[in-house]
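# Structural features, examined
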Amino acid sequence: MLHETWQNNNLKTVKVSHTDAKKYKVDSMLTAGKTYTVVNETEEYIFVKDDSGKVGGFYKTYFEDADE
């Protein structure tokens, strides 16, 4: 399974700008203001290891690039 190899990917670092979601419980998996390492990315989603310790996919609208 491809997603099992994502654990070791470090594509870039992103910061959560907000967790205001109309449909989903994003605030229980992401913390606003915290930085996360991106393990995979598509046109619409960013996959990060969230607060549960597992890789989760979230809309790009929740993130901004972290200044390094």
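Residues numbered from 1 in each chain as written. Predicted model: local features only at pLDDT ≥ 70, side-chain atom pairs only at ≥ 80, totals over all residues. Heavy atoms only, no water.

### Focus: the pattern of salt bridges
Under the defined criterion, the tally for this structure stands at 5 salt bridges. Across the pair Lys-12 and Asp-65 runs a salt bridge, and its minimum N-O distance is 3.6 Å. Remark: Asp-65 occurs in strand E5 (residues 63–65) and Lys-12 occurs in strand E1 (residues 12–16); sequence separation between them is 53 residues. With its nearest N and O atoms 3.3 Å apart, the salt bridge here joins Asp-51 to Lys-34. Taken as a pair, Asp-51 in the loop between strand E3 (45–49) and strand E4 (55–59) and Lys-34 in the loop between E1 and strand E2 (35–41) lie far apart in primary sequence, 17 residues in all. Through salt bridges that share partners, Lys-12, Glu-41, Lys-60 and Asp-65 make up one connected network. (Salt bridge = Lys/Arg side-chain N within 4 Å of Asp/Glu carboxyl O. Helix = DSSP H or I, 4+ residues; strand = E, 2+ residues; numbered from the N terminus.)

### A look at the nonpolar core
In terms of nonpolar packing, the biggest core is built from 11 residues, these being Val-14, Val-16, Val-26, Leu-30, Tyr-36, Val-38, Ile-46, Val-48, Phe-58, Tyr-62 and Phe-63. Residue assignment for this core shows that the elements contributing at least two residues are E1, E2 and E3. If we ignore the near neighbours within four places in the chain, the residues touching Phe-63 are Val-14, Lys-15, Val-16, Ser-17, Leu-30, Ile-46, Val-48 and Phe-58. (Core = buried A, V, L, I, M, F, W, Y, C linked by side-chain atoms within 4.5 Å. Buried < 20%, exposed > 50% of the residue type's maximum accessible area, 1.4 Å probe, protein only. Contact = heavy atoms within 4.5 Å.)

### Side note on the side chain of Thr-19
Among the secondary structure elements, Thr-19 is positioned in the loop between E1 and E2. Taking relative accessible area as the criterion, Thr-19 reaches 18% and is therefore assigned buried. Not counting the four nearest positions on each side in its chain, Thr-19 is found in contact with Val-26, Asp-27, Leu-30 and Ala-32.

### Here's the deal with the sheet that holds E5
Here we have 5 strands laid out as an open sheet, ordered E4-E3-E2-E1-E5, and antiparallel in their pairing. Both outer strands of the open sheet, E4 and E5, are each paired with one neighbouring strand and no more. The sheet shows a mean angle of 50° between the axes of neighbouring strands, direction not considered. Of the pairings in the sheet, the one linking E2 to E3 comprises 3 bridges and is antiparallel in character. In the strand pairing of E3, Glu-41 is matched with Ile-46. (Pairing = 2+ DSSP bridges. Axes fitted to C-alpha atoms, helices over the stretch in contact; angles between N-to-C directions.)

### Comments concerning the pairing of E3
Adjacent in sequence and paired antiparallel, E2 and E3 are bridged by 3 residues. Of the pairings in the sheet, the one linking E3 to E4 comprises 5 bridges and is antiparallel in character. Across the sheet, Val-48 pairs through a bridge with Gly-56, a residue of E4. Two successive antiparallel strands, E3 and E4, enclose a turn made up of 5 residues, where Gly-53 displays a positive phi of approximately 90°.

So far we have only geometry, and geometry alone does not tell us how the molecule works.
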